[in-house]
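Structure at a glance
Residues per chain are reported as follows:
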Amino acid sequence: MSTENLPQSPEQPLRKPRVAVVFGGRSSEHGISTVTAGAVLRAIDRTKYDVLPIGITREGRWALTADAPERMAITDRRTPNVEDLAESHEGAVVLPVDPSSREVVYSEPGSVPKALGEVDVVFPVLHGPYGEDGTLQGLLELSGVPYVGAGVLASAVGQDKEYMKRVFTSFGLKVGPYVVIRPREWERDESAARKKIIDFAGEHGWPLFVKPARAGSSIGITKVDDLAGLDEAIAEAQRHDPKIIVEAAVRGREIECGVLEFEDGPRASVPAEIPPPDAHAYYDFEAKYIDSTPGIVPAPLTDEQTAEVRRLAVEAFEATSCEGLVRADFFLAEDGEFVINEINTMPGFTPISMYPQMWQATGVTYGELVDRLIQAALRRSTGLR
């Protein structure tokens, strides 16, 4: 029987992949995460992807927010927040907990829950704990939703400066001297914990950098020049994390390098140099985000130094089993050797941030960078890999 004259079913148009941009969060980096989200939302190609912005408030509520990148900028030296962008102060977005469904639901008290459609990939632009540290990544693994960036283990290691350095050391990467004070040590015997730091200073000299062990964006960090400032620095770090890390100063130049996952594996960008900021004691939060202290891109290094730091950046990416992207931060010490300070699995991602700037200088525009990260996430499955 001929089917030539039978009515033909029209082909269903292919649905564009749907990207949920998740931002904000419960950490002290809430505002910078929101700024990053604005830049990512502005850059996503809307002819190629559908977009669903989801903000997490400081209290942890997942809110449906306006798709309004222009409202996600630093204004009058103040960072934006999810609360001001939320479409409701009570409504909540719920991700699926069944891996066979990617349907996102929105509910408000007294109203029938509303289906928001399926999400194909999550772009989590959260910084710090409760988002960049493997917690959100674990939730997405349970939900079976692919996501941009590092997995559970790599995110957790990349957030904890102590274990990050332990992993680097085990892979032969050189790190600077440091000492860690865990919460139980401090609670059990403050005097002994403080003496541990003082003895460390006696061995390595001042200044020291006292930091929350699991925070970013230079929040909670204090440069301590002598014993008089130590207690205040410890208290400031502990406001952000009960576990603190104290690092000896490494004499040298600050060099950064970006790593991006391509189809054939990770590649490194041209490096950048962070010059000492004139108005700040070091490259702190204000210097990075408020005063926007410019980096030097590309860094004025020899060809051999450039090749070496790019190689080391990819090594750090591989050592921590990262995916998607990483910014690797180094010191070029006075003896000419590179010392890795840390990696950031979701670095600052505004157009003026160093990571996009380094890739721009390497030949990858901001829009292409966002697209490559989404495509890399869509290529991966969740679960063990």
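- For the protein, an unreviewed UniProt entry supplies the name D-alanine--D-alanine ligase and the organism Streptomyces colonosanans.
- Of the comments in the UniProt record for the protein, the one headed Function (unreviewed entry) reads "Cell wall formation."

Let's talk about the UniProt feature "binding site: Mg(2+) 2" (unreviewed entry) in the protein
- The feature "binding site: Mg(2+) 2" (unreviewed entry), as given by UniProt, occupies Glu-342 and Asn-344 in the numbering adopted here.
- Within the secondary structure layout, Glu-342 lies in strand 16 (residues 338-344).
- On the basis of relative accessible area, Glu-342 is assigned to the buried category, the value being 14%.
- Mapping Asn-344 onto the fold places it in strand 16.
- The contact partners of Asn-344, leaving out residues within four places of it in the chain, are Glu-132, Val-326 and Arg-327.

As for the nonpolar core
- In this structure, Val-21, Val-40, Ile-44, Phe-123 and Phe-349 are the most contacted members of the largest nonpolar core, which totals 33 residues.
- Going through the elements one at a time, strand 1 (18-24), helix 1 (30-43), helix 2 (82-85), strand 7 (121-124), strand 12 (252-262), helix 11 (354-362) and helix 12 (366-379) are the ones with two or more residues in this core.
- With 6 residues, helix 12 is the single largest residue contributor to this core.
- Both of domain 1 (18-147) and domain 2 (158-175 + 251-363) provide at least three residues apiece to this core.
- If we skip the residues at most four places from it in the chain, Ile-44 touches Val-19, Val-21, Tyr-49, Val-51, Val-370 and Ile-374.

Description of the pattern of salt bridges
- Within this structure, the stated rule accounts for 32 salt bridges.
- Across the salt bridge formed by Asp-160 and Lys-243, the nearest N and O atoms sit 3.0 Å from each other. With a gap of 83 residues between them, Asp-160 in the loop between helix 4 (152-159) and helix 5 (161-170) and Lys-243 in the loop between helix 8 (230-240) and strand 11 (244-248) connect regions that are remote in the sequence.
- Ionic pairing is found between Arg-327 and Glu-256, a salt bridge with its closest N-O pair at 3.7 Å. Taken together, the residues span a long stretch of sequence, with Arg-327 in strand 15 (residues 325-333) and Glu-256 in strand 12 at a distance of 71 residues. The burial state of Arg-327 is the same as that of Glu-256; both residues are buried.

Remarks on the pairing of strand 12
- Burial runs high along strand 12: 8 of the 11 residues are buried.
- With 9 bridges joining them, strand 12 and strand 15 adopt antiparallel strand pairing. Along strand 15, the bridge assignment pairs Glu-256 with Asp-329.
- In terms of strand pairing, strand 12 meets strand 14 (residues 272-274) through 3 bridges, oriented antiparallel. The partner of Glu-254 across the bridge, within strand 14, is Ile-274.
- Across 4 bridges, the pairing between strand 12 and strand 13 (residues 265-268) is antiparallel. Of the residues in strand 13, the one forming a bridge with Val-259 is Ala-268.
- Taking the residues between adjacent antiparallel strands as the criterion, strand 12 and strand 13 are bridged by 2 residues.

Overview of helix 5
- Within helix 5 the residues assigned to the buried category are Lys-161, Glu-162, Met-164, Lys-165, Val-167 and Phe-168.
- For helix 5, the elements touching its buried residues are helix 4, strand 8 (178-181), strand 9 (208-212), strand 11, helix 10 (303-319) and strand 16.
- Immediately beyond the C-terminal end of helix 5, within one or two residues, lies Gly-172, with a positive phi of roughly 85°.

Some points on the domain arrangement of the protein
- As assigned here, the protein comprises domain 1 (18-147), domain 2 (158-175 + 251-363) and domain 3 (178-248).
- For domain 2 versus domain 3, the distance between C-alpha centres works out to 23 Å.

Here's the deal with the sheet that holds strand 10 (residues 222-224)
- The strand order across the open sheet built from 4 strands is 8-11-9-10, with neighbouring strands paired in antiparallel fashion. Among the strands making up the open sheet, the edge pair consists of strand 8 and strand 10. Neighbouring strand axes in the sheet, compared pairwise and without regard to direction, differ in orientation by 25° on average.
- In the packing of helix 7 (residues 190-204) onto the sheet, the strands contacted are strand 8, strand 9 and strand 11, and the crossing angle to strand 8 comes to about 175°.

Rules and cut-offs
Residues numbered from 1 in each chain as written. Predicted model: local features only at pLDDT ≥ 70, side-chain atom pairs only at ≥ 80, totals over all residues. Heavy atoms only, no water. UniProt positions renumbered as here; feature names shortened; annotations may be inferred. Helix = DSSP H or I, 4+ residues; strand = E, 2+ residues; numbered from the N terminus. Buried < 20%, exposed > 50% of the residue type's maximum accessible area, 1.4 Å probe, protein only. Contact = heavy atoms within 4.5 Å. Core = buried A, V, L, I, M, F, W, Y, C linked by side-chain atoms within 4.5 Å. Domains from an automatic or database assignment. Salt bridge = Lys/Arg side-chain N within 4 Å of Asp/Glu carboxyl O. Pairing = 2+ DSSP bridges. Axes fitted to C-alpha atoms, helices over the stretch in contact; angles between N-to-C directions.

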